[in-house]
Amino acid sequence: QVQLVESGGGLVQAGGSLRLSCAASGNIFRIDAMGWYRQAPGKQRELVATITSGGTTNYADSVKGRFTISRGNAKNTVYLQMNSLKPEDTALYYCNTLASGRDYWGQGTQVTVSS
């Protein structure tokens, strides 16, 4: 079993920045990819950004140029640097990992951007 713990969410004004962190622990044999998804009230969960074990990144069009995903030196951590935040970025942000062929999810961390 793999556990994911997120941190770094909060309330910020439009134009501000936040950095989300996620650490994976547990019975980890291999992590193939890690990423961030978000879900706003009344909307479906959507991809924000992912990064593979090889370092390949993928971003939603809505966050390109504003958000940056990165891996920690320990490779079981992932970060999301969010700059130029907009009210439409308000959502519950979930960390995800694909480990040994299985998907795991964190509990989510709330990001609220005020106008």
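Conventions used here
- Residues numbered from 1 in each chain as written.
- Predicted model: local features only at pLDDT ≥ 70, side-chain atom pairs only at ≥ 80, totals over all residues.
- Heavy atoms only, no water.
- Phe/Tyr/Trp six-rings, centres within 6.5 Å; stacked < 30°, edge-to-face > 60°.
- Helix = DSSP H or I, 4+ residues; strand = E, 2+ residues; numbered from the N terminus.
- Buried < 20%, exposed > 50% of the residue type's maximum accessible area, 1.4 Å probe, protein only.
- Lys NZ or Arg CZ within 6 Å of the ring centre and 35° of its normal.
- Core = buried A, V, L, I, M, F, W, Y, C linked by side-chain atoms within 4.5 Å.
- Disulfide = S-S within 2.5 Å.
- Pairing = 2+ DSSP bridges.
- Axes fitted to C-alpha atoms, helices over the stretch in contact; angles between N-to-C directions.
- Polar contact = N/O pair within 3.5 Å; in protein donor to acceptor, adjacent residues only side chain to side chain.
- Contact = heavy atoms within 4.5 Å.

Counted by the stated rule, this structure contains one aromatic pair. A centroid spacing of 5.0 Å and a plane angle of 65° characterise the contact between tyrosine 37 and tryptophan 105, whose relative ring orientation is edge-to-face. Here tryptophan 105 lies in strand β10 (residues 102-105) and tyrosine 37 lies in strand β4 (residues 31-39), a separation of 68 residues in the sequence. Classification of tryptophan 105 as partly exposed rests on a relative accessible area of 36%. Above the plane of the ring of tyrosine 94 lies arginine 45, whose end atom (NZ or CZ) is 3.8 Å from the centre. Positioned above the aromatic ring of tryptophan 105, the side-chain terminus of arginine 45 is 4.6 Å from the ring centre.

This paragraph deals with the nonpolar core. Counting residues in each nonpolar core, the largest one holds 30 residues, and the members touching the most others are Trp36, Leu80, Met82 and Tyr93. Elements supplying a minimum of two residues to this core: β1 (2-7), β3 (18-26), β4, β5 (46-52), β7 (67-71), β8 (77-82), β9 (91-99) and β11 (109-114).

What the rule picks out here adds up to one disulfide. The side chain of cysteine 22 participates in a disulfide bridge whose partner is cysteine 95; the two sulfur atoms lie 2.0 Å from each other. The sign of the S-S torsion, about -85°, decides the handedness of the disulfide formed by cysteine 22 and cysteine 95: left-handed. Here cysteine 22, found in strand β3, pairs with cysteine 95, found in strand β9; they are 73 residues apart in sequence, far enough to count as distant. The class of cysteine 95 is buried, set by a relative accessible area of 0%.

Attention now goes to the sheet that holds β8. Spatially, the four strands line up as an open sheet ordered β1-β3-β8-β7, and their pairing is antiparallel. Edge strands, defined here as strands with exactly one partner in the open sheet, are β1 and β7. Sheet twist, expressed as the average angle between the axes of neighbouring strands with direction ignored, equals 15°. Inspection of the sheet shows β3 paired to β8 by six bridges, in the antiparallel sense. Note that in β8 the partner of alanine 23 across the bridge is threonine 77.

Of note in the backbone geometry, serine 84 takes a positive phi value of approximately 50° without being a glycine. With respect to the secondary-structure elements, serine 84 resides in the loop between β8 and β9.

In this section: the side chain of arginine 66. Along the polypeptide, arginine 66 turns up in the loop between β6 (57-59) and β7. Of the polar contacts made by the side chain of arginine 66, one reaches the backbone oxygen of serine 84; its length is 2.9 Å. In this structure arginine 66 touches Gln81, Met82, Asn83, Ser84, Leu85, Lys86 and Asp89, once residues within four positions along its chain are discounted.

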